[in-house]
Amino acid sequence: MSVTGAGSAAECRFDLLGIGNAIIDVLAPVEPDFLTQQDMIPGSMKLIDAEQAEKLYGLVHREREMGGGSAANTCVVAANLGARVAYLGKVADDAPGRTFAADLQQSGVYFPSSFLNGQAGREQPTARCLVMVTPDGQRTMNTYLGACVAFGPEDVLADVVADAHVTYLEGYLFDPPHAQEAFRQAAALAHAAERRVALSLSDPFCVARHRDAFRELVHGHIDILFANEEEICSLYQTEDFTTAMNQAAADTHFAVLTRSGQGSVIIRGDERIDVAPVATQVIDTTGAGDAYAAGFLAGWTSGRSLAECGRLGSVAASEIISHYGARPLVNLQQDMEL
């Protein structure tokens, strides 16, 4: 299968398989002063423990609670665009976990992962992410990983990976102890089946925590890399976007780099494609990168040009940031038909 186009996905059961942290999102509008008072870095993702999660949960007005997790969001948006989608992630057999599973299934996403079995020392509840949204639409995330930390190589279902045109890995999942091994296993299974592997770097602080491991993964196992400007510069330890972009192109078949209001850049070898953003009123940027990846991959697995894939990514991201939450409120399939 050539990466210059999508290749044939006719023999695949799924266009996209997402692997990531299975999380319930709690969306809460706050003022910037609240972030300062709680010692939060605006726009960042911070890991917290159960006690901190309960404390924050009681301090904020909760606008919405819904299924979340970066790769899961991508999967839901891709399914909304008409792609055939599966997802692997770990939740507990509790009310939030069952809600998470039902959300995916209702969105048309196949979710074959088993619930956490509650063995001694593994009683963690389903993960929760408290998303603080300031008036400018920026989100600052505080994540209790809970059951997510139990995800390991045994949770990578070989038959599902082999049946997916693209396996999409979520960088946030690198924090749990066994996830890096699971990622390498998923990549190996995908490549053995002549499928493609994509990675989202997810967060510059996550990249900084695991830079060497990310560099090794990207260089040796990743075909398609998704990142924003800050993440890609963190990965390659440079403040120059062009330098980071060129290094990403050298390490992968192609890289897809988002730049907020400046749109995005797709870099493949010496080829550079600049993609304009789609204007909208920004309410909440939660899930913007997730939606962009969904639009891009829904396009790529259906044989679109890279430029058209970028346009679809921008359309999907624009819809998501126009309201609270990282899941679409309208059917986006009409945009696939333009």
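- The name recorded for the protein chain in an unreviewed UniProt entry is Adenosine kinase, from Gluconacetobacter dulcium.
- Taken from UniProt, the Sequence similarities (unreviewed entry) comment for the protein chain reads in full: "Belongs to the carbohydrate kinase PfkB family."

1. Notes on the sheet that holds strand E2 (residues 23–29)
- The mixed open sheet is built from 5 strands, whose spatial order is E3-E8-E7-E2-E4. If you trace the sheet from one side to the other, it starts and ends with strand E3 (45–47) and strand E4 (64–68), each paired once. Taken over all neighbouring pairs, the strand axes of this sheet differ in orientation by 25° on average, direction set aside.
- In terms of strand pairing, E2 meets strand E7 (residues 127–133) through 7 bridges, oriented parallel.

2. Some remarks on the sheet that holds strand E9 (residues 164–170)
- With mixed pairing, the 9 strands of this open sheet are ordered in space as E6-E5-E1-E9-E10-E11-E12-E13-E14. Each end of this open sheet is capped by a strand with a single partner; those strands are strand E6 (109–110) and strand E14 (271–275).
- Bridge count between strand E1 (residues 14–19) and E9: 5 bridges; the pairing is parallel. Directly across from Leu 17, in E9, lies its bridge partner Thr 167.

3. A few points about the packing of helix H11 (residues 288–300) against helix H12 (residues 306–320)
- Interaxial distance between H11 and H12 falls to 7 Å at its minimum, and their mutual angle equals 145°. For H11 against H12, the interelement crossing comes out right-handed. Note on element contacts: H12 touches H11 through Leu 306, Cys 309, Gly 310, Leu 312, Gly 313, Ser 314, Ala 316, Ala 317 and Ile 320, opposite Ala 288, Ala 291, Tyr 292, Gly 295, Phe 296, Gly 299 and Trp 300.
- Classifying every residue of the contact of H11 with H12 gives 11 nonpolar, 5 polar and no charged.

4. Details of the packing of aromatic side chains
- A full pass over the atoms with the stated rule returns 10 aromatic pairs.
- Relative to Phe 296, the ring of Phe 226 lies with its centre 5.6 Å away and its plane at 85°, an arrangement referred to as edge-to-face. Note that Phe 226 is positioned in strand E11 (residues 224–228) and Phe 296 in helix H11, a separation of 70 residues in sequence.
- Residue classification places Phe 226 among the buried positions, given a relative accessible area of 5%.
- A relative accessible area of 0% means that Phe 296 is categorised as buried.
- Feature note: the residues Tyr 168, Phe 226, Phe 254, Phe 296 and Trp 300 constitute an aromatic cluster, connected by ring pairs.
- Above the ring of Tyr 57, the side-chain terminus of Arg 62 is found at 4.1 Å from the ring centroid.
- Over the ring of Phe 241 we find Arg 259, and its NZ or CZ is 3.9 Å from the ring centre.

5. A short note on the confidence of the model for the protein chain
- Confidence in the prediction for the protein chain averages 88 pLDDT; 93% of positions are at 70 or higher.
- In this model, residues 1–8 is a region of pLDDT below 50 whose contacts with residues beyond four sequence positions or in other chains number 23 contacts.

6. Notes on the side chain of Arg 139
- In this fold, Arg 139 is placed in strand E8 (residues 139–144).
- Although buried, Arg 139 forms no salt bridge, and the nearest oppositely charged side chain, Asp 203, lies 6.1 Å from it.
- Those residues in contact with Arg 139, other than ones at most four positions away along the chain, are Gly 43, Ser 44, Val 131, Met 132, Val 133, Asp 284, Thr 285, Thr 286 and Gly 287.

7. Topic: the packing of helix H6 (residues 179–192) against helix H8 (residues 211–221)
- Here H6 crosses H8 at 5°, and the two axes come no closer than 11 Å. By the angle between their axes, H6 is roughly parallel relative to H8. Listed contacts from H8 to Gln 180, Phe 183, Arg 184, Ala 187 and His 191 of H6 are Ala 213, Glu 216, Leu 217 and His 221.
- Partitioned by chemical class, the residues of the contact of H6 with H8 number 4 nonpolar, 3 polar and 2 charged.

Conventions and cut-offs
Residues numbered from 1 in each chain as written. Predicted model: local features only at pLDDT ≥ 70, side-chain atom pairs only at ≥ 80, totals over all residues. Heavy atoms only, no water. UniProt positions renumbered as here; feature names shortened; annotations may be inferred. Pairing = 2+ DSSP bridges. Helix = DSSP H or I, 4+ residues; strand = E, 2+ residues; numbered from the N terminus. Axes fitted to C-alpha atoms, helices over the stretch in contact; angles between N-to-C directions. Left-handed = near helix turned anticlockwise from the far one by under 90°. Contact = heavy atoms within 4.5 Å. Nonpolar A, V, L, I, M, F, W, Y, C, P; charged D, E, K, R; others polar. Phe/Tyr/Trp six-rings, centres within 6.5 Å; stacked < 30°, edge-to-face > 60°. Buried < 20%, exposed > 50% of the residue type's maximum accessible area, 1.4 Å probe, protein only. Lys NZ or Arg CZ within 6 Å of the ring centre and 35° of its normal. pLDDT = per-residue confidence, 0-100. Lys, Arg positive; Asp, Glu negative; His and termini not counted. Salt bridge = Lys/Arg side-chain N within 4 Å of Asp/Glu carboxyl O. Parallel < 35°, antiparallel > 145°, perpendicular 65-115°, else oblique.

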